[in-house]
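So you can see what is in the structure, the chains are spelled out below.
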Amino acid sequence: MKLLTFYSDSHKELYEEFFLESYNRLLKDSFELNARHINQLSKTGEYNAEGFSETMVEKLNHIIANIDITDDEPLVFADCDIQFFSDFSEDIKNELDDYDVKFQNDVVCRCAGFFVAKQSEEVLNFFRMMRELLLKNIKPGIDDQVILNSMINQNMDLGVKHGMLPNNKYFTVAASSTGPKQWNGEDFEVPKELLVHHGNWTVGLDNKFKLMRMVKNKMMINAD
């Protein structure tokens, strides 16, 4: 199964310490990793910084270029601020079931930073529609996730059956007792069923490192 991600220089260390390390340890026999290194379009790479929206266009380009409608296997996309705690390949196929695409549950919306999708004409057109709308509305504060949830909230004809993954397995801190709000160092519980953790709902690379290390340490304690 394909696993897509992308990163720029600002996120290279984050990608290597968490995403790539856990992929090599747990997923390399189940997933074919396609990690694209892109130019640094944003000075800091931080959420909603100047150039962030343009970076999300590159993300959508990467997804669209790798959807093979002749391939019956689904694909998974994961942002580079994600770490893995188990081989979830069979679980996520079961979760997808008869849906076309399922996104991570971001509590208040669908998260565009982690999803599983069929490789079909319908899914390809769906992501092309997202890209077209993002390019038409591109400015700081407008990104692929804003476009995605706007499309859903406006009841647009998306041509796909979409849903959300369970947040006890595909986890974000906003799904815990601290959220939904920006994480600033608060303690929280991690579910024992956790398979994938996305270090979102915090701003700045320093906070992302702290958050992802906290989750990793908690999972190590749970495993003892």
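One structure accompanies this document, and this report is about it.

What counts as what
Residues numbered from 1 in each chain as written. Predicted model: local features only at pLDDT ≥ 70, side-chain atom pairs only at ≥ 80, totals over all residues. Heavy atoms only, no water. Core = buried A, V, L, I, M, F, W, Y, C linked by side-chain atoms within 4.5 Å. Buried < 20%, exposed > 50% of the residue type's maximum accessible area, 1.4 Å probe, protein only. Contact = heavy atoms within 4.5 Å. Axes fitted to C-alpha atoms, helices over the stretch in contact; angles between N-to-C directions. Helix = DSSP H or I, 4+ residues; strand = E, 2+ residues; numbered from the N terminus. Parallel < 35°, antiparallel > 145°, perpendicular 65-115°, else oblique. Left-handed = near helix turned anticlockwise from the far one by under 90°. Nonpolar A, V, L, I, M, F, W, Y, C, P; charged D, E, K, R; others polar. Phe/Tyr/Trp six-rings, centres within 6.5 Å; stacked < 30°, edge-to-face > 60°.

## Concerning the nonpolar core
Phase 1 of the analysis: Within the largest apolar cluster, 30 residues are counted, with the highest numbers of intra-cluster contacts made by Phe115, Phe126 and Phe127.
Phase 2 of the analysis: Discounting chain neighbours no more than four positions away, the residues touching Phe126 are Val101, Phe103, Leu148, Met151, Leu158 and Val160.
Phase 3 of the analysis: Core analysis: the next-biggest nonpolar cluster, separate from the first, contains 22 residues, Tyr23, Cys80, Val116 and Leu165 among them.

## Concerning the packing of helix H1 (residues 12–26) against helix H6 (residues 205–223)
Phase 1 of the analysis: Across the interface, H1 lies against H6 with an axial gap of 11 Å and an inter-helix angle of 20 degrees. Taken together, H1 and H6 sit at an angle that is classed as roughly parallel. Helix-helix and strand crossings are classified by hand; for H1 and H6 the assignment is left-handed. Where H1 abuts H6, its residues Glu13, Leu14, Glu17, Phe18 and Glu21 lie against Leu205, Lys208, Phe209, Met212, Arg213 and Lys216.
Phase 2 of the analysis: Across the contact of H1 with H6, the residue classes break down as five nonpolar, no polar and six charged.

## Section: the packing of aromatic side chains
Phase 1 of the analysis: Applying the stated criterion to the full structure yields 16 aromatic pairs.
Phase 2 of the analysis: Each ring, one from Phe84 and one from Phe88, has its centre 5.7 Å from the other, and the planes form 25 degrees; the classification is stacked. With respect to burial, Phe84 and Phe88 carry one shared label: buried.
Phase 3 of the analysis: Aromatic pair Phe88 and Tyr170: ring centres 6.1 Å apart, planes at 85 degrees, arrangement edge-to-face. In this pair, Phe88 sits in the loop between strand E4 (82–84) and helix H3 (89–96) while Tyr170 sits in strand E8 (residues 170–172), placing the two residues 82 residues apart along the sequence. When sorted by exposure, Phe88 lands in the same class as Tyr170, which is buried.

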